[in-house]
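# Examination of the molecular architecture
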Amino acid sequence: QVQLVESGGGLVQPGGSLRLSCVASGSISSILAMGWYRQAPGKKRELVALFASDGSTSYADSVKGRLTISRDNAKNMVYLQMNGLKADDTAVYYCNANIKKTYDSIYSAYWGQGTQVTVSA
């Protein structure tokens, strides 16, 4: 079984910072891309940041220059450093990874349970 667990969410004032973490555990053979998505109330889930297996990163236009994704392949972890937070960043943040389980031949997408980020004065 494979599991993704996020941590680090919470309540922060506008302009503040948070760091989200996500760890993948279980019978993992390899991981391709890892990323962060978010879903605000009444809105569709959207991609925030992606860290590809080749080391390249990509970001939603709305977060460029404020949020930074990083990855520790040895620990199967991905992080999201969030600076200059705005009220519009309020959402549930989900970790996503493309993982091949031990003895499997294909990669499948896995999701964490989500962590709430609330930006409010």
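Higher on the page you've got the structure.
Everything quoted here is computed from the prediction, not taken from an experiment.

### Observations regarding the state of the cysteines
Applying the stated criterion across every chain yields a total of one disulfide. Here Cys-22 connects covalently by a disulfide to Cys-95, the sulfurs 2.1 Å from one another. Handedness of the Cys-22-Cys-95 disulfide follows from its S-S torsion of about -80°: it is left-handed. A residue pair is termed long-range when its members are at least 10 positions apart, and Cys-22 in strand 3 (residues 18–26) and Cys-95 in strand 9 (residues 91–101) qualify at 73 residues. An identical accessibility class is assigned to Cys-22 and Cys-95; each is buried.

### Description of the pattern of salt bridges
The full count for this structure, using the stated rule, is four salt bridges. A salt bridge links Glu-46 to Arg-38; the nearest nitrogen and oxygen atoms lie 2.7 Å apart. By relative accessible area, which is 34% here, Glu-46 ends up partly exposed. The class for Arg-38 is buried, based on a relative accessible area of 7%. Among the ionic pairs, Lys-64 bridges to Asp-61, the shortest N-O distance being 3.1 Å. Linked by salt bridges that have partners in common, Arg-38, Glu-46, Arg-66 and Asp-89 make up one network.

What counts, and at which threshold
- Residues numbered from 1 in each chain as written.
- Predicted model: local features only at pLDDT ≥ 70, side-chain atom pairs only at ≥ 80, totals over all residues.
- Heavy atoms only, no water.
- Disulfide = S-S within 2.5 Å.
- Helix = DSSP H or I, 4+ residues; strand = E, 2+ residues; numbered from the N terminus.
- Buried < 20%, exposed > 50% of the residue type's maximum accessible area, 1.4 Å probe, protein only.
- Salt bridge = Lys/Arg side-chain N within 4 Å of Asp/Glu carboxyl O.

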